[in-house]
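Notes for the structure review
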Amino acid sequence: MNTRRHFIKNAMSLGGLLLGGAFIFSGCGDGQKPAATKDKKPTSCSDLSGISAEEKDKRKKLGYVEKSPIPDSKCGNCKLYLPPGKDEHCGSCSLFKGPIEVEGYCTYYAPLTEGE
Ligand code: SF4
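Residues numbered from 1 in each chain as written. Predicted model: local features only at pLDDT ≥ 70, side-chain atom pairs only at ≥ 80, totals over all residues. Heavy atoms only, no water.

So, on to the overall build of the chain. What the chain contains, in helices and strands, is two helices and three strands. When its helices and strands are written in sequence order, the chain yields α-α-β-β-β. Across the 116 residues in the chain, those meeting the buried criterion constitute 19%. Here the analysis covers contacts within the chain between residues at least 6 apart in sequence; of these, 71% occur between residues at least 24 apart. Here the chain displays about 9,100 Å² of accessible surface, and carbon together with sulfur accounts for 59% of that area. (Helix = DSSP H or I, 4+ residues; strand = E, 2+ residues; numbered from the N terminus. Buried < 20%, exposed > 50% of the residue type's maximum accessible area, 1.4 Å probe, protein only. Contact = heavy atoms within 4.5 Å. Areas by Shrake-Rupley, 256 points an atom, 1.4 Å probe, with all protein chains shown as cover.)

Below you can see the structure in the form of structure tokens.
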């Protein structure tokens, strides 16, 4: 038999469920993609916005420049050069983090030898 007490009890339970559900879904974000899936690729090879101060300092200490002063010695033909990945236009270096130019250069330049 339905009584007024049962009705109030059921109504409160349903309200609790609805509030709980709203709370759970409110923690699911604002409908945008999570930050981890956003494109973090640099807009240019000079963009160091995502690079730590320590890595910027390392890059500076190694004397990295975006345009090699020695025409035949450049990142693009250095052993430590890591070519750009798919949909990327900047390479990287094994010695420090961040984008580098294929035409760049640093004091640690190590020429590729034949067969490498
Ligand atoms: S070691 Fe220097 S020259 Fe070689 S890829 Fe790295 S930054 Fe370029």
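The next thing to look at is the pattern of salt bridges. Within this structure, the stated rule accounts for five salt bridges. Here D87 and K86 are joined by a salt bridge, their closest N and O atoms 3.8 Å apart. Taking the relative accessible area as the measure of exposure, D87 reaches 64% and is therefore exposed. Look at the salt bridges and you will find they share partners, linking K67, K74 and E103 into a network. (Salt bridge = Lys/Arg side-chain N within 4 Å of Asp/Glu carboxyl O.)

Note on placement: R59 falls in helix α2 (residues 53–61). A distance of 3.0 Å separates the side chain of R59 from the backbone oxygen of P99, its partner in a polar contact. (Polar contact = N/O pair within 3.5 Å; in protein donor to acceptor, adjacent residues only side chain to side chain.)

Once that is clear, we can look at the site of the ligand. The environment of the ligand is formed by Y64, C75, C78, L80, Y81, C93, L95, F96, C106, Y108 and Y109. Partitioned by chemical class, the residues of the shell around the ligand number 11 nonpolar, no polar and no charged. (Near = heavy atom within 4 Å. Nonpolar A, V, L, I, M, F, W, Y, C, P; charged D, E, K, R; others polar.)

Another aspect to go through is the sheet that holds strand β3 (residues 99–100). Strand order in the open sheet formed by three strands is β1-β2-β3, and the pairing between neighbours is antiparallel. Among the strands making up the open sheet, the edge pair consists of β1 (81–82) and β3. Sheet topology places strand β2 (residues 91–93) next to β3; two bridges connect them, and they run antiparallel. The partner of G91 across the bridge, within β3, is I100. (Pairing = 2+ DSSP bridges.)

Right, let's get into unusual backbone geometry. Its identity is not glycine, yet D87 carries a phi of approximately 65°, on the positive side. Tracing the sequence through the fold places D87 in the loop between β1 and β2.

Another point: the nonpolar core. Formed by L62, Y64, C75, C78, Y81, C93, F96, I100, Y105, C106 and Y109, the largest nonpolar core amounts to 11 residues. Excluding residues within four positions of it along the chain, C75 makes contact with Y64, Y81, I100, E101, V102, G104 and Y105. (Core = buried A, V, L, I, M, F, W, Y, C linked by side-chain atoms within 4.5 Å.)

Turning next to the state of the cysteines. Under the definition given, this model contains one disulfide. C45 shares a disulfide with C90; S-S distance 2.1 Å. Its torsion about the S-S bond being -100°, the disulfide of C45 and C90 is classed as left-handed. Taken together, the residues span a long stretch of sequence, with C45 in the loop between α1 (4–26) and α2 and C90 in the loop between β1 and β2 at a distance of 45 residues. C90 shares its class with C45; the two are buried. (Disulfide = S-S within 2.5 Å.)

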